[in-house]
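Examination of the molecular architecture
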Amino acid sequence: MRAIHFLPDSPYANWYATNCNNSGSNAVNEFYCIWETSTYIDRNLIKVIGSSSYELEKIVTELNKQTTKANLYINYLESTQAQIINKINNDTIKIVWLIWSDDLYGLPKLGFKKYDTYSLSFLKRRESITLKQKLGLKQKLGRLKMIYWDGIDLNESQNQIYKTIKRINYCATRFSEEAEIIKKKLNPKIKWIPFSYISATNDLDVSSSLEIKKEYVQVGNSGDPRNNQYEVILKLYKLGVKDQILLPLSYGDIEYTEQLIKDITKYIKPRQFLILRNLMEKKAYYELLKKVKIAIFPHNIQQAFGNIIALIAFGAKVFLKKKNPIYKQLKVWDIVVFSIEDDLTLKNVSTSLDYETMKLNQQIIFEFLSQEKVLEYYKNLLEI
């Protein structure tokens, strides 16, 4: 079977291609990235092509003439990939949408409230400055109302995506709740395939991770405003937490990152923070995660899954929003996880999980997300 994969410019794309090739499937994989200025892509694994290139046009033409079995796998659905799908008129081609996060939760029609007060205020201020420069008063007020009160900012590229989703046959995600949202609001015929891009620890050694001294309180995983770190850090200050706070800000929104650091250091002295400003090599980053005692992820949506599952495997006490699909899924799996709303107290933040709970959480997370299990997800994905 021919399997064509379109991927974004991300380290995850390389891991995905490697796992596809190692899954044991008989599929003949072709990997493409249409980000011409790609920086993360391993070009020995993935071919980089232009969005208006002859090569891309040839792929679409071949799929429309394909008479043998072929599947098209879309990683991170965005407007360029939507245009590709909408050119495919061969109904025998199965199209699979592998959900990342923002490609689902960023759709205005679904109305997700991604930002807490601080992040939303920051984005409003920046949007307001931009609008003053580009729009008149009437246009500015109308657009602000549409974005922030109605939660709608439709444009042609998004309409293209909504049209595309109706053509897609499968969605691949580890969260059944996401599939139900798509089925209910976007495409009632879509089918769900359980899937995870990575295993809990990317096959790194965990043999001594539970015995390592736990010393950090981690908040969030990046400089993306959807991390909503400010309110949690302010609460840690009010609780009187003295542990060093690990704050990964190595990618995301630079303006937000700079403003966040400026505002949180009004309360907590800079020496209490370990701020990660640069991307670390994967193994070194995971070694750091093994030292995390408490991990707090204030996202309102499914995000930072790779960090969360690794931290559970390494023995951290994890706090999430109750509305987050990851929190709900971990509860279904009987993993001991805590809610930010109810459980973020000084006592809970001051104490590690006991060893038996660490061990049980580790066993459960590997039941669903060991390297062997993840390769099974990949094989099932490639053999639909």
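Reading the values: rules and limits
Residues numbered from 1 in each chain as written. Predicted model: local features only at pLDDT ≥ 70, side-chain atom pairs only at ≥ 80, totals over all residues. Heavy atoms only, no water. Helix = DSSP H or I, 4+ residues; strand = E, 2+ residues; numbered from the N terminus. Buried < 20%, exposed > 50% of the residue type's maximum accessible area, 1.4 Å probe, protein only. Contact = heavy atoms within 4.5 Å. Areas by Shrake-Rupley, 256 points an atom, 1.4 Å probe, with all protein chains shown as cover. Lys, Arg positive; Asp, Glu negative; His and termini not counted. Charge placed at Lys NZ, Arg CZ, Asp CG, Glu CD. Pairing = 2+ DSSP bridges. 1 Å grid on protein atoms, 1.4 Å probe; cavity = no way out; pocket = protein on both sides within 12 Å on 5 of 7 lines; lining within 4 Å. Points joined across faces, edges and corners; volume = space filled by probe spheres on them. Phe/Tyr/Trp six-rings, centres within 6.5 Å; stacked < 30°, edge-to-face > 60°. Lys NZ or Arg CZ within 6 Å of the ring centre and 35° of its normal. Core = buried A, V, L, I, M, F, W, Y, C linked by side-chain atoms within 4.5 Å. Right-handed = clockwise from strand over helix to strand, strands pointing away.

1. So, the overall build of the protein chain
Regarding its fold elements, the protein chain presents 17 helices and 13 strands. Taken along its principal axes, the extent of the C-alpha atoms in the protein chain is 65 × 60 × 35 Å. Residue burial in the protein chain is summarised as follows: out of 384 residues, 55% are buried. Sequence separation of at least 24 residues holds for 72% of the intrachain contacts in the protein chain that already meet a minimum separation of 6. When the accessible surface of the protein chain is totalled, it reaches about 17,800 Å², and 51% of it is carbon and sulfur. Positive and negative side-chain charges in the protein chain, numbering 55 and 42 respectively, have mean positions lying 6 Å apart.

2. Points about the sheet that holds strand 1 (residues 2-7)
The strand order across the open sheet built from seven strands is 3-2-1-4-5-6-7, with neighbouring strands paired in parallel fashion. Only two strands of the sheet have a single partner each, and these edge strands are strand 3 (47-48) and strand 7 (191-194). As defined by bridge partners, strand 5 (residues 94-98) adjoins strand 6 (residues 170-173) across three bridges and the pair is classed as parallel. Considered in strand 6, the bridge of Trp97 is made with Cys171.

3. Side note on the layout of surface pockets
Space inside the largest pocket adds up to approximately 1,500 Å³. Lining of the largest pocket is provided by 46 residues; of these, Ser10, Tyr12, Trp100, Asn221 and Tyr251 occupy positions nearest its centre. Elements with a contribution of two residues or more to the lining of the largest pocket: helix 1 (11-21), strand 6, helix 11 (282-289) and helix 12 (305-314). A total of four residues in the lining of the largest pocket trace back to one element, the largest contributor, which is helix 11.

4. Regarding the packing of aromatic side chains
Scanning the model with the defined rule gives 23 aromatic pairs in all. With a centroid separation of 6.4 Å and an interplanar angle of 85 degrees, the aromatic rings of Tyr16 and Phe31 are classed as edge-to-face. Taken as a pair, Tyr16 in helix 1 and Phe31 in strand 2 (residues 28-33) lie far apart in primary sequence, 15 residues in all. The burial state of Tyr16 is the same as that of Phe31; both residues are buried. With centroids separated by 6.5 Å and ring planes inclined at 75 degrees, the aromatic side chains of Tyr16 and Phe195 adopt a geometry described as edge-to-face. Within this pair, whereas Tyr16 is found in helix 1, its partner Phe195 is found in the loop between strand 7 and strand 8 (216-219), the two being separated by 179 residues in sequence. Connected via pairs of aromatic rings, a cluster forms that spans Tyr12, Trp15, Tyr16, Phe31, Tyr76, Trp100, Phe195, Tyr197 and Tyr378. Over the aromatic face of Tyr162 sits the side chain of Lys109, whose NZ or CZ is 4.1 Å from the ring centroid. Note that Lys317 overlies the ring of Phe338, its terminal NZ or CZ placed 5.2 Å from the centroid.

5. Here we look at unusual backbone geometry
Most of the time, phi is negative for any residue but glycine, and the peptide bond is trans. The phi angle at Tyr76 is positive, at roughly 65 degrees, despite the residue not being glycine. Relative to the helices and strands, Tyr76 is located in the loop between strand 4 (70-75) and helix 3 (79-86). Assessed through its relative accessible area of 23%, Tyr76 is described here as partly exposed. Phi at Asn228 takes a positive value of approximately 50 degrees, unusual for a residue other than glycine. Tracing the chain through its elements places Asn228 in the loop between strand 8 and helix 9 (229-239).

6. Remarks on the side chain of Gln218
Inspection of the secondary structure puts Gln218 in strand 8. Those residues in contact with Gln218, other than ones at most four positions away along the chain, are Leu246, Pro248, Tyr285, Leu289, Val292, Ile294, Ala295, Ile296, Phe297, Asn307 and Leu311.

7. Brief notes about the nonpolar core
By size, the foremost hydrophobic cluster in this structure holds 63 residues, and its most contacted members are Tyr16, Leu330, Ile365 and Leu369. No other element matches helix 12, which puts eight residues into this core. Setting aside anything within four residues of it in sequence, one finds Leu369 in contact with Ser196, Ile198, Ser199, Ala200, Phe305, Ile309, Trp333, Val374 and Tyr377.

8. A closer look at the pairing of strand 4
Here is the key point about a regular strand: its side chains alternate between the two faces of the sheet. In terms of residue burial, strand 4 counts as a mostly covered element, since six of its six residues are buried. Burial along strand 4 is two-sided: Ala70, Leu72 and Ile74 and Asn71, Tyr73 and Asn75, pointing in opposite directions, are all buried. Pairing of strand 1 with strand 4 involves five bridges; the strand directions are parallel. Its bridge partner being in strand 4, Arg2 is matched across the sheet by Ala70. Sheet topology places strand 4 next to strand 5; five bridges connect them, and they run parallel.

9. Focus: the pairing of strand 8
A two-sided burial pattern is seen for strand 8, the buried positions comprising Tyr216 and Gln218 on one face and Val217 and Val219 on the other. As judged from the three bridges shared by strand 8 and strand 9 (residues 244-248), these two strands associate in the parallel manner. Of the residues in strand 9, the one forming a bridge with Val217 is Ile245. The parallel pair strand 8 and strand 9 is bridged by helix 9, and the resulting crossover is right-handed. Taken together, the four bridges between strand 8 and strand 11 (residues 292-297) define a ladder with parallel strand orientation.

Shape descriptors only; they carry no functional weight alone.
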